[in-house]
Amino acid sequence: MSMSDVMIGVDIGTTSTKAVVFDKNGKALSRAGVEYPLYTPRPEVAEQDPEEIFQAVITVIKDSMKQANITGEKVQFISFSSAMHSLMVVNQDGKPLTNSITWADNRSSSYMEKVKQTLNGHQIYLRTGTPIHPMSPFLKLIWLKAEQPELFQPSHKFISIKEYIFYRLFGQYLIDYSIASATGMFHLEQLDWDQEVLQLLQIKKEQLSTPVATTHSVTGLYPQYAEELGIPANLPFIIGASDGVLSNLGVNAIEPGVVALTIGTSGAIRTVTNKPVTDPKGRIFCYALTDKHWVIGGPVNNGGMIFRWLKDEFGHVEVEKEKQTGESSYDLLTSLAESVPPGSEGLLFHPYLTGERAPLWNANARGSFFGLSMHHKKAHMVRAVLEGITMNLYSVLLALEELIGEPKRIQATGGFARSRFWRQMLADIFGQQVTVPESFESSCLGAVVLGMYAQSEINSLEEVGRMVGSVHSHQPNPDAAKAYQELMPIYIRIPRLLEKEYEAISRVQKKAHET
């Protein structure tokens, strides 16, 4: 392998950081990962230790190079992906005054309605592209200012975890347009911090990082880290973008009309436009990939984690059988679901066990079975749960279709894609062809493709197409699709009718937990 023939993509995620070494054809040569805890001492708290994440970044870069048997001189650049919506406060010396508060933290939920109703929240969303929701750093700052005002000193800075990593490595406070566009504080048209938001928070631009393009290259790595990593100090670090938009790039879903659907722990549906687009009804996000590529869509809280809940709470028989035979308890539950016809004979499940982001944007939403009767058995409930997760994602797509029209192709990824049954269910509920790309850590690949574009190795992001093949393709079954079409209007109406009841039951649950 000749000099500078490999590139490293790093993805700083919610539960782990990964690094993948790729060659120039997009082939993965090695992968390294480090997991770390999400600290949740109370249900509404979800924080991370920034030092643990920083050390994870150092470790995965070293380990990925070691596994690929390469030295630092062989690396052309390192490019970064990162989870969105994190927030931490640092002092004038860059020392953390808080943990990294993640997207899953709900402590600011009590301020959501106030921002929407009295602080011009919808207009702020239309300018910034981030729905008013507890995941948003903007809402987190509203909460922090009200409840921990001592953190709002003029010398303090408010940053994300990726900004912290780059500050530790280079001593610079930089934020890429993509992460900035997910803060709720960034004007999409002006590509700069939104003045009205800054005035509302009573903070100055100097307390935030300098926005730069996602293709921005940083050099001048501190000598101690260059030595520890075994790389030249002048090796370009591409600041990159957020994990969501880079996943679209990494699965070759960047042409207009191509939709990327991901179900991992949570889930999301995203598509690319050539300019910022927001929704008059406030149902979708709009985040930057580059100044010519904007990703719109919706994230859901409740993806594969609901299947795990189902297994843990109702799959004891399957778990025991797995211990005896080695057959996956998830596969056993899926086989059980297959014994029931599409639509679970009129049983619907809304998977809002952790509130919901798109399309409801309601942290108080709660899960429910609807239509349960004596003839329904465990198999019906298992199938209804899997259908409910998928129907919830389809309801997000319906909101997107109002803005972009019907998609021409759906690229599906995530842990669920290993299941033939779930892939077919997806095609049936969505009523169109579903393709599963042959992708290796799509956010890491997206980061590397963006880095190649930044370094003029490729002329267009569309060249990712030659790096991504397909492994499965499913067409909808007409009878199953018809059954789901009959159920979808009922499925969509129920959470609208229960909006006040969600709020009431949420109050009851909070009281019960406090006592």
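As a reminder, the structure under discussion sits directly above these lines.
Residues numbered from 1 in each chain as written. Predicted model: local features only at pLDDT ≥ 70, side-chain atom pairs only at ≥ 80, totals over all residues. Heavy atoms only, no water.

*Asks:* Would you mind showing me how to read the overall build of the protein here?
*Replies:* Counting its regular elements, the protein contains 17 helices and 23 strands. Computed over the C-alpha atoms, the radius of gyration of the protein is 23 Å, within 12% of the 24 Å expected from 2.2 N^0.38 for a compact globule of 515 residues. The principal-axis extent of the C-alpha atoms belonging to the protein is close to 70 × 55 × 45 Å. Partitioning the contacts of the protein with sequence separation of at least 6, the portion at a separation of at least 24 is 72%. Of the roughly 20900 Å² of accessible surface on the protein, a fraction of 49% belongs to carbon and sulfur atoms. Taking the average location of the 47 positive side-chain charges in the protein and that of its 55 negative ones, the two points are 2 Å from each other. (Helix = DSSP H or I, 4+ residues; strand = E, 2+ residues; numbered from the N terminus. Rg over C-alpha atoms; globule rule 2.2 N^0.38 Å. Contact = heavy atoms within 4.5 Å. Areas by Shrake-Rupley, 256 points an atom, 1.4 Å probe, with all protein chains shown as cover. Lys, Arg positive; Asp, Glu negative; His and termini not counted. Charge placed at Lys NZ, Arg CZ, Asp CG, Glu CD.)

*Asks:* Mind showing me how you'd approach the sheet that holds strand β21 (residues 409-413) here?
*Replies:* Strands in a sheet are paired, the pairing made by backbone hydrogen bonds, and the direction either parallel or antiparallel. Spatially, 7 strands are ordered β17-β18-β16-β15-β21-β22-β23 in an open sheet, and the strand pairing comes out mixed. With partners counted over all chains shown, the strands left at the sheet margins are β17 (285-290) and β23 (469-474), one partner each. On average, each strand axis in the sheet is inclined to that of its neighbour by 30°, with strand direction left out of account. Sitting on the sheet, helix α9 (residues 243-250) is in contact with β15 (258-263), β16 (267-273), β17 and β18 (293-300), with an inclination near 70° to β16. Packed on one face of the sheet, helix α14 (residues 420-430) meets β15, β16, β21, β22 (434-438) and β23 and runs near 65° to β23. (Pairing = 2+ DSSP bridges. Axes fitted to C-alpha atoms, helices over the stretch in contact; angles between N-to-C directions.)

*Asks:* Before we go on, may I ask you to explain the packing of helix α11 (residues 316-325) against helix α12 (residues 329-338) in this structure?
*Replies:* In helix packing, the relevant descriptors are the interaxial angle and the interaxial distance, both defined with respect to the helix axes. Relative to each other, α11 and α12 sit at 130°, their axes nearing to 8 Å. As summarised for this structure, α11 and α12 are arranged oblique, according to the angle between their axes. Crossing angle aside, the handedness with which α11 passes α12 is right-handed. Of the residues in α12, those in contact with Glu318, Val319, Lys321 and Glu322 of α11 are Ser329, Leu332, Leu333 and Leu336. Tallied by class, residues from the contact of α11 with α12 come to 4 nonpolar, 1 polar and 3 charged. (Parallel < 35°, antiparallel > 145°, perpendicular 65-115°, else oblique. Left-handed = near helix turned anticlockwise from the far one by under 90°. Nonpolar A, V, L, I, M, F, W, Y, C, P; charged D, E, K, R; others polar.)

*Asks:* Just to check I follow, could you spell out α11 for this structure?
*Replies:* For an α-helix the count is 3.6 residues per turn, leaving residues at separations of three or four pointing the same way. Taken across its 10 residues, α11 has 1 buried, putting it largely on the surface. Positive backbone phi, at 85°, marks Gly326, one or two positions downstream of α11. (Buried < 20%, exposed > 50% of the residue type's maximum accessible area, 1.4 Å probe, protein only.)

*Asks:* Would you take a moment to explain the pattern of salt bridges for this structure?
*Replies:* Two side chains with opposite charge may pair up if their charged atoms get near one another. With the rule as written, the count across this model stands at 27 salt bridges. Two residues, Glu113 and Lys116, come together in a salt bridge whose shortest N-O distance is 4.0 Å. A residue pair is termed a helical-turn pair when its members lie 3 or 4 positions apart in one helix, as Glu113 and Lys116 do in helix α2 (residues 112-118) at 3 residues. On the basis of relative accessible area, Glu113 is assigned to the partly exposed category, the value being 42%. With relative accessibility at 32%, the residue Lys116 sits in the partly exposed group. A salt bridge links Lys311 to Asp312; its shortest N-O distance comes to 3.7 Å. Bridged by salt links that share partners, the residues Asp279, Lys281, Arg283 and Glu402 form one connected network. (Salt bridge = Lys/Arg side-chain N within 4 Å of Asp/Glu carboxyl O.)

*Asks:* Just to check I follow, could you spell out the environment of Glu44 for this structure?
*Replies:* On the secondary structure map, Glu44 appears in the loop between β3 (28-35) and β4 (47-48). By relative accessible area, Glu44 is classed as partly exposed at 27%. Taking the C-alpha atoms as reference, Glu44 lies 9.8 Å from Lys510; in sequence the two are 466 residues apart. Polar side-chain contacts of Glu44 include one of 3.0 Å to the side chain of Arg42. (Polar contact = N/O pair within 3.5 Å; in protein donor to acceptor, adjacent residues only side chain to side chain.)

*Asks:* Whenever I open this one, the nonpolar core confuses me. Can you help?
*Replies:* The nonpolar side chains of soluble globular proteins are, as a tendency, buried together. Membership of the largest hydrophobic core comes to 116 residues, with the highest contact counts inside it found for Phe138, Leu144, Leu261, Ile269 and Phe430. Among the elements that line this core, the one with the most residues is helix α13 (residues 378-404), at 11 residues. Ignoring sequence-local partners within four residues, the contact set of Phe138 consists of Val115, Ile124, Ile132, Thr183, Gly184, Met185, Val197, Leu200 and Leu201. Core analysis: the second largest hydrophobic core is formed by 43 residues, Ile159, Ile161, Tyr164 and Leu169 among them. (Core = buried A, V, L, I, M, F, W, Y, C linked by side-chain atoms within 4.5 Å.)

*Asks:* Where do I start with the packing of α13 against helix α16 (residues 478-497) in this structure?
*Replies:* The N-to-C vectors of α13 and α16 enclose an angle of 75°; their axes lie 11 Å apart at closest approach. The angle between α13 and α16 falls in the class roughly perpendicular. Residues Arg383, Glu387, Gly388, Met391, Asn392, Tyr394, Ser395 and Leu398 of α13 lie in contact with α16, whose contacting residues are Tyr484, Leu487, Met488, Tyr491 and Ile492.

*Asks:* Is there a simple way to explain the packing of aromatic side chains in this structure?
*Replies:* For any pair of aromatic rings, the description consists of the separation of the ring centres together with the inter-plane angle of the planes. For the structure on display, the rule yields 18 aromatic pairs. For the ring pair Phe186 and Trp193, a centre distance of 5.7 Å and an interplane angle of 80° mean the geometry is edge-to-face. Phe186 sits in the buried class, given a relative accessible area of 0%. Trp193 gets classed as buried once you look at its relative accessible area, which sits at 4%. Aromatic pair Trp309 and Phe314: ring centres 5.5 Å apart, planes at 80°, arrangement edge-to-face. Each residue in the set Phe80, Phe166, Phe170 and Phe237 is aromatic and connected to the rest through ring pairs, giving one cluster. (Phe/Tyr/Trp six-rings, centres within 6.5 Å; stacked < 30°, edge-to-face > 60°.)

*Asks:* Explain the side chain of Ser86 here, please?
*Replies:* Among the secondary structure elements, Ser86 is positioned in the loop between β5 (75-82) and β6 (88-90). Using a relative accessible area of 9% as the deciding quantity, one classes Ser86 as buried. At 3.0 Å, the side chain of Ser86 and the backbone nitrogen of Ile161 are in polar contact. Setting aside residues up to four positions removed in sequence, Ser86 forms contacts with Ser100, Ile101, Thr102, Pro137, Ile159, Ser160 and Ile161.

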